[in-house]
Amino acid sequence: MLDMEEATRLAKKFLDERVSHEGMVFELVEGERAQVGSTFYFDCQSAAYLRTGELRGMAVGTGYVSVDGETGECRMLGATESAQLDLF
């Protein structure tokens with residue numbers, strides 16, 4: 001079973017390698033993380049929005065990053081699925 005530190009590292013790597021692209025870089029939102037059972041959840045947003053707070057830089061329609069605590073598998077949840085979890 002992963003701990004929060006390892007899950008955080010995997011979530012950051014996932015955002016860097018699989019989600020971020022030339023037009024929009026994603027980062028984890030500081031302090032917005034939770035563990036439910038064996039799954040870790042992290043809120044994320046565009047780096048531009050987190051840096052400036054300007055709405056034009058905000059990523060819309062994305063959800064949490066989930067990390068399976070047993071396998072380390074990461075995936076991006078949709079906005080609806082994240083809203084149903086209501087973690088942050």
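What counts as what
Residues numbered from 1 in each chain as written. Predicted model: local features only at pLDDT ≥ 70, side-chain atom pairs only at ≥ 80, totals over all residues. Heavy atoms only, no water. Pairing = 2+ DSSP bridges. Helix = DSSP H or I, 4+ residues; strand = E, 2+ residues; numbered from the N terminus. Axes fitted to C-alpha atoms, helices over the stretch in contact; angles between N-to-C directions. Phe/Tyr/Trp six-rings, centres within 6.5 Å; stacked < 30°, edge-to-face > 60°. Buried < 20%, exposed > 50% of the residue type's maximum accessible area, 1.4 Å probe, protein only. Salt bridge = Lys/Arg side-chain N within 4 Å of Asp/Glu carboxyl O.

It is worth spelling out the sheet that holds strand β2 (residues 39-46) at this point. Read from one edge to the other, the open sheet built from 4 strands follows the order β1-β2-β3-β4, with strand pairing classed as antiparallel. Bordering the open sheet on either side are β1 (26-36) and β4 (74-78), each of which pairs with just one other strand. Adjacent strand axes in the sheet meet at a mean angle of 30 degrees when their direction is disregarded. Bridge count for β2 against strand β3 (residues 62-68) is 4 bridges, and the pairing is antiparallel. Across the sheet, Thr39 pairs through a bridge with Asp68, a residue of β3.

A separate point is the pairing of β1. Where β1 and β2 come together, 7 bridges link them in antiparallel fashion. Residue pairing in the sheet places Phe26 in a bridge with Ser46 of β2.

So, on to the packing of aromatic side chains. For the structure shown, the criterion picks out 1 aromatic pair. Each ring, one from Tyr64 and one from Phe88, has its centre 4.9 Å from the other, and the planes form 80 degrees; the classification is edge-to-face. A residue pair is termed long-range when its members are at least 10 positions apart, and Tyr64 in strand β3 and Phe88 in the segment after α3 (79-85) qualify at 24 residues. With relative accessibility at 7%, the residue Tyr64 sits in the buried group. Look at Phe88 and you get partly exposed, because its relative accessible area is 33%.

This brings us to the environment of Arg51. Along the chain, Arg51 falls in helix α2 (residues 47-52). Overall, the relative accessible area of 64% leaves Arg51 in the exposed class.

Under the defined criterion, the tally for this structure stands at 3 salt bridges. Linking Arg9 and Glu6 is a salt bridge whose minimum nitrogen-to-oxygen distance equals 2.7 Å. Placement of both Arg9 and Glu6 in helix α1 (residues 4-19) is noted, with a separation of 3 residues, approximately one turn of the helix.

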